[in-house]
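This is what each chain is made of:
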Amino acid sequence: MTSLSVPEDAVLTAENVTKQVSSPEGTLTILSDVSFSIGKGESVAIVGASGAGKSTLLALLAGLDLPTSGRILLNGTDLTALDEDGRAALRAANVGFVFQSFHLVPSLNALENVMLPLELGGNATPRKTALDILQKVGLGERVRHYPSQLSGGEMQRVAIARAFATGPAVLFADEPTGNLDSRTGDHIMNLMFELNRSSSTTLLLVTHDKALARRCDREISLDAGRLVSDRKAAA
Amino acid sequence: MKALSFALRSFGRELRSGEVIVLLSAVALAVAALTAVGFLTDRIGRAVARQANEVLAADLRLRSPDPLPLEWRAAAADYGLQTAETQSFPSVVFAGELNALSTIIGIGDGYPLRGAVRIADDLFGEERVAEGIPEPGSVWADSSLLAKLNIEVGDSISVGEAELRVAAVLTYRPDQSIGFASLAPSLLLNLRDMPATALINEGSRVQYALLVAGEQADVDEFFLAVEDDLPDSVRTLNQEDSSERATNASSRAQRFLSLTAVISLLLSAVAIAMSARRYAHRRMDAVALMKSLGASQRFVLQAASIQLVILGLLGVLIGSIIGYLVEYAVTGMLADLFASALPEPGFTPVLLGTGSALILLVGFALPSLLQLRNTPPLRVLRHDAMPPPPSRLLVAGTSLLAVTALLYQAIGDAQMLVIVLGGMLAVSASLYVAGRGLVALLGRSRGGVGIAWRYGLANVARRGRDSAVQVVAFGLGLTVLLLLTFVRTDLLEGWRQTLDEDAPNHFLINIQPHERESLAGIIRADGLEVPQFVPLIRGRMTTINGEDVKTRKYPVEDGEWMANREANLTWLEQLSSSNEIVAGEWWPEGYDGDPLVSVEEDAAMELGVGLGDRLVFLIAGQEIDLTISSIRRVNWDSFQPNFFMVISPGALDNFPSTYVASMRITESQDDLLIRLVRAHPTVSVIDLDAILRQVKGIIDKASLAVQAVFVFTLAAGIAVLFAAVQSTIDERRFESAILRALGVRRRTVLSGVLTEFAALGFASGLLAAAGASILASVIAVQLFELEYAFNPMLWVAGLAGGVLLVCLSGFVAARGAINAPPTDVLRAA
């Protein structure tokens, strides 16, 4: 097992996490005995080749899926001990997501998309909070637009606004610039890191983009389901 | 509240984006079919119920072909009952040069004893309840009679030898035949005017009726007292029987219509199931996202259920409006078939529609939506993460339960339900097998031809199950439409062809013996052949081989009716040309031995009699004993005067008789008719052409109404097609993009898609034409005893209609997929 530094204020901890699935060829091990811990406000990139298990790890850390064995602690709560609704409630309170393909609800406009997690989490002033954050990401003028009326970069900004709206402890981002041209991608990442710093949210990023990974505080590399390196970026 | 506001917001958007249109249309269609039929049967049903209680215009009605003795009126009065009299018969009436057959009804003071006559002061004027009966010298006439004679209120009309003034338009009388108007429009006149018409004399076909009303107990007592003295010729009608008959007839019609609506309903259910599956599938991404953002399963389920309810309510609203409009149009078309204005539609059909829509949604859409709840949130990262499919038991169970509930509601009888349900399952299964077979055949025929053809047919074969369902759904709708449009005309045409070109088209009835000479003179003067005057004597059978006809057992139910009816008897020297002896022998020329009778073969079968059996008839109070000497086959379509019983010459010499004759009068000879009737006002002329036209008119209108209901079936078939295409739209979009990216031209992709729909349409048309032909020949042979001629047009129309309709609807449904730019599609994939 790779040695890792465990910050005292750990927000997210993986303990010997293994994920296996059954396939026609027999049991496939996608993640094998992965352990690490991430502290408050840290920005971490998970890197590795296609099929290395990056997205699976992200799904497990966010409680979207359950490991075959091992434990995952999110803000001190063991995700693996919760049922689906329990994990959903935990996500509502602690987690934000930014996806490669944005995943906005097409039937809701920008404002409504951002209000969604606020309402699910029981925020008292969802509209005001959502408007504020949309303003912050530079979409104050486009709050009534539907996803189909927005450009890729704008959609991703809505998604970022939605992810930060609830003030989550952890923000998970899955290839957030994968569907964007490099210029727009840079803008988006600047915005994310800025919000990450200003709200001291922990940022966990899955990416192929080496330059992007280098901008993070820490880089965890996976290869064939194993954690092969976990290193801090050079200051 | 959260789930509600989310559901409302996203539903509004989905509606605008067209995402739920097919599902909504399927629900609306089902509701429309149900409510249209519901409104229709509700209104007719209530009209029948309203009339049933007054259909006799009395509590008890004694009806007889002979004048009713005055003592009975007196007897009824003794029991404290009210009475009134009527006399009715068909006769031609005149106004200037125009004439029309009418049912003349002479009514006495007090008529009607139950219900009310309604009249209007001018054509289409406001209806009001009539007070009393027409003043002597005046009549109340049906609007259609006035229209035929081209006269108005205030004009005069010739009834027999009397000139009477039209005082009002008759809009309703309680004893007009139940529900539907009788063929000849009515004319009400005061009984005091009857002698002046000189229309009633020896041998006239008059129905005399004595109407009695009062306390039920008094009526019963009176009836008990006179019952035994009533001659056999008197028919008694009481309210209970009549209202039961009326209600039975109308509830049978209601059941038939409800069942036709259920067919549309079931097809809609298929469309609902298909589009709900698609709807749920499309929502999976959103649900996975919601869950990743922290939504609970309960939230997802609540939101989905709320949307389902909104969808149901919206479908009910749209469907009810369509249903109401269709019903409105149908009753408008049928207006003159109903005896009176129908009561306003009630609200019950909407409740029925609402209930059925909810049952449909729960039975066919809920399983898919329940599945949504189990969508794994992982789907936001891995698009292939799917919820476990809904259990087959749940899907089959809920849909079967829903179908059973809907059918039970339409049929209302458990035993019948089992039969219909079994029948439907069997028919659907065999149609489905036929559909699968056709689809498989189409799939095999794809080799060798161009890419478009191959691509299209490959699609049909690849989506084998769905293709078969589409073929069956569409074929079913088409079958019914073909049946109604072609078979109806085929049957009427087939029947008309069996008629001789020179077949008589006019009957002269009620000819007195002394009038024969003069009538013959008028006809001969016009250069026409004088028809044979056939004697007509009315009698009633009393015994068969000494056994009372009332207590005798008959081989078939109709035998009892045949034995107890008022029979029309005739005597003839020569066997008529439209008759053929099948057993025994016709009497020799100049025969004057014991009275013999020749019986029509069906009548003989129904009565259970044969050669040598003895029949006794009572004619004008005298008995006559007849021996069966032959059995005849009669061509009833010949339109010659024909009889079940023909008696040997001489036997009836001492009985009073009138004569009937039939002849062909072309339109250009219409004035002959007028001269004939002017010279002999008591002779009634029945214009068969006019009656045929009227019958055809009624059939046309009635089938138009049924067609309106079946259009829903076709529309539901289209909804199934749309749902099926929609469920494959992502796949189609992707395939089209790949083909176009590979360099296939848009036109070729389009021809491929059109080939696919043309093939489906062809298979549906084939199924429909075959189904309609089989049903048509069964109907022709079993119901109408006609030979069914193969009609190539039915096949042409079936195939062309199927291909065109399916191509058109398929193209509309799929064009978005074909036109999407390949780069967008491939990038998004």
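Residues numbered from 1 in each chain as written. Chains lettered and ligands numbered in written order. Predicted model: local features only at pLDDT ≥ 70, side-chain atom pairs only at ≥ 80, totals over all residues.

## Considerations on the overall build of chain A
Looking only at helices and strands, one finds 7 helices and 10 strands in chain A. Counting every position in chain A, which comprises 235 residues, the buried fraction comes to 47%. Partitioning the contacts of chain A with sequence separation of at least 6, the portion at a separation of at least 24 is 69%. (Helix = DSSP H or I, 4+ residues; strand = E, 2+ residues; numbered from the N terminus. Buried ≥ 20, exposed ≤ 12 C-beta atoms within 10 Å, placed from the backbone. Contact = placed C-beta atoms within 7 Å.)

## Observations regarding the overall build of chain B
Of the regular secondary structure elements, chain B holds 22 helices and 22 strands. By the burial criterion, 44% of the 829 residues in chain B qualify as buried. When contacts within chain B are restricted to residue pairs at least 6 apart in sequence, long-range pairs at least 24 apart make up 84% of them.

## Regarding the packing of helix H4 (residues 126–136) of chain A against helix H5 (residues 152–165) of chain A
Residues and elements named next belong to chain A. H5 packs onto H4 with a crossing angle of 130 degrees between their chain directions and a minimal axis gap of 9 Å. For the element pair H4 / H5, the angle class is oblique. In the packing of H4 onto H5, the handedness of the crossing is right-handed. Facing H4, whose interface residues are Thr-129, Ala-130, Ile-133 and Leu-134, H5 presents Ala-161, Phe-164 and Ala-165. Tallied by class, residues from the contact of H4 with H5 come to 6 nonpolar, 1 polar and no charged. (Axes fitted to C-alpha atoms, helices over the stretch in contact; angles between N-to-C directions. Parallel < 35°, antiparallel > 145°, perpendicular 65-115°, else oblique. Left-handed = near helix turned anticlockwise from the far one by under 90°. Nonpolar A, V, L, I, M, F, W, Y, C, P; charged D, E, K, R; others polar.)

## Section: the sheet that holds strand E5 (residues 77–78) of chain A
Sheet strands pair via backbone hydrogen bonds, and the direction of the pair is either parallel or antiparallel. Residues and elements named next belong to chain A. Overall, antiparallel pairing links the 4 strands, which are arranged E2-E1-E4-E5 in an open sheet. The strands lining the two open edges of the sheet, one partner per strand, are strand E2 (26–39) and E5. Where strand E1 (residues 10–23) meets strand E4 (residues 69–74), 5 bridges bridge the pair, whose relative direction is antiparallel. Looking at the pairing, Leu-12 lines up with Leu-74 of E4. (Pairing = 2+ DSSP bridges.)

## Points about unusual backbone geometry
All names here are of chain B. That bond from Tyr-111 to Pro-112 is cis: its omega, -10 degrees, falls within 30 degrees of zero. In this structure, Pro-112 sits in the loop between strand E3 (98–107) and strand E4 (118–120). Phi at Ala-198 takes a positive value of approximately 55 degrees, unusual for a residue other than glycine. The residue Ala-198 is located in the loop between helix H5 (194–197) and strand E10 (207–213) in this model. Assessed through the 13 C-beta atoms surrounding it within 10 Å, Ala-198 is described here as partly exposed.

## Looking at the packing of helix H3 (residues 70–78) of chain B against helix H6 (residues 216–227) of chain B
All names here are of chain B. Packing of H3 against H6 leaves a shortest axis separation of 10 Å and a crossing angle of 145 degrees. In the crossing of H3 with H6, the sense of the turn from one axis to the other is right-handed. Residue-level contacts link Trp-72, Ala-75 and Ala-76 of H3 to Phe-222, Ala-225 and Val-226 of H6. For the contact of H3 with H6, a count of residues per class yields 6 nonpolar, no polar and no charged.

## Here we look at the interface of chain A and chain B
When the parts come together, some accessible area is lost, and that loss is often what is quoted as the size of the interface. Tallying the contact residues gives 24 residues for chain A and 18 residues for chain B. Of all elements in the fold, only helix H1 (54–61), helix H2 (84–94) and helix H3 (110–120) of chain A reach the threshold of two or more residues within the side of chain A that touches chain B. By residue number, the principal contributor to the side of chain A that touches chain B is H2(A), which donates 6 residues. Across the side of chain A that touches chain B, the residue classes break down as 13 nonpolar, 4 polar and 7 charged.

## Brief notes about the pairing of strand E7 (residues 156–159) of chain B
All names here are of chain B. Residues Ile-157 and Val-159 line the buried face of E7, whereas the alternating positions Ser-156 and Ser-158 sit on a face that is not buried. Two strands pair when backbone bridges link them, and strand E2 (residues 82–95) and E7 are joined in this way by 2 bridges, in the antiparallel orientation. Bridging across to E7, Val-93 finds its partner in Val-159. Judged from the 4 bridges that link them, E7 and strand E8 (residues 162–172) form a sheet pairing that is antiparallel. The residue of E8 that forms the bridge with Ile-157 is Leu-164. Following E7, the chain reverses through 2 residues before pairing antiparallel with E8; Gly-160 in that reversal takes a positive phi of roughly 60 degrees.

## Focus on the nonpolar core
Ranked by size, the top nonpolar core spans 197 residues in total, and within it A:Ile46, B:Val27, B:Ala271, B:Ile272, B:Ala719 and B:Val720 carry the most contacts. For this core, the leading source of residues is helix H7 (residues 239–292) of chain B, giving 19 residues. Non-local contacts of B:Ile272, meaning those with residues more than four positions away in its chain, are made with B:Leu23, B:Ala26, B:Val27, B:Leu360, B:Leu361, B:Phe364 and B:Ala365. (Core = buried A, V, L, I, M, F, W, Y, C linked by C-beta atoms within 7 Å.)

## Thoughts on the sheet that holds strand E9 (residues 218–223) of chain A
Residue and element names in this part refer to chain A. Spatially, 6 strands are ordered E6-E7-E8-E3-E9-E10 in an open sheet, and the strand pairing comes out mixed. The sheet terminates laterally at strand E6 (95–98) and strand E10 (226–232), the two strands that pair on one side only. Between one strand axis and the next, the sheet turns through 15 degrees on average, direction left out of account. For E6 and strand E7 (residues 170–174), the ladder comprises 4 bridges, and the chain directions are parallel. Counterpart to Phe-97 in the pairing with E7 is Phe-172.

## Looking at the pairing of E2(B)
Residues and elements named next belong to chain B. The sheet contact formed by E2 and E10 spans 7 bridges and is antiparallel. When the sheet's bridge partners are listed, Thr-83 is paired in E10 with Val-212. Judged from the 10 bridges that link them, E2 and E3 form a sheet pairing that is antiparallel. Each bridged residue has a counterpart across the sheet, and for Val-92 the counterpart in E3 is Leu-101.

## Digging into the environment of A:Gly225
Residues and elements named next belong to chain A. By the element assignment, Gly-225 lies in the loop between E9 and E10. Gly-225 sits 193 residues away from Ser-32 along the chain, and the two C-alpha atoms are 5.4 Å apart. Setting aside chain neighbours within four positions, we find Gly-225 in contact with Thr-29, Ile-30, Leu-31, Ser-32 and Gly-53.

## Quick look at the confidence of the model for chain B
All names here are of chain B. On average, residues of chain B carry a pLDDT of 81, and 88% of them reach 70 or more. When mean pLDDT is taken per element in chain B, strand E17 (residues 596–600) scores highest with 94 and helix H22 (residues 822–828) scores lowest with 66. For this predicted complex, the interface confidence comes out at an ipTM of 0.86, alongside a pTM of 0.67. (pLDDT = per-residue confidence, 0-100.)

## Quick notes on H1(A)
All names here are of chain A. Judged by how many residues are buried, H1 sits mostly within the fold: 8 of 8 residues are covered. Lys-54, Ser-55, Thr-56, Leu-57, Leu-58, Ala-59, Leu-60 and Leu-61 are the residues of H1 that are buried. Looking one or two places after H1, you find Gly-63, whose phi comes out positive at around 75 degrees.

## Describing the confidence of the model for chain A
Confidence along chain A averages 88 in pLDDT terms, with 96% of residues attaining 70 or more. Low pLDDT, under 50, characterises residues 1–5 of chain A; the predicted model gives this stretch 8 contacts beyond four residues in sequence or across chains.

## Focus on the environment of B:Ala209
Residues and elements named next belong to chain B. Residue position: Ala-209 is located in strand E10. Sequence spacing of Ala-209 and Ser-88 is 121 residues, and the spatial spacing of their C-alpha atoms is 8.4 Å. Here Ala-209 is in contact with Arg-61, Leu-62, Arg-63, Glu-85 and Thr-86, once residues within four sequence places are set aside.

## So, the environment of B:Glu344
All names here are of chain B. By the secondary structure assignment, Glu-344 is in the loop between helix H8 (297–334) and helix H9 (348–373). Glu-344 gets classed as exposed once you count the C-beta atoms within 10 Å, which come to 7. For the pair Glu-344 and Ile-44, spaced 300 residues apart in sequence, the C-alpha to C-alpha distance is 10.0 Å.

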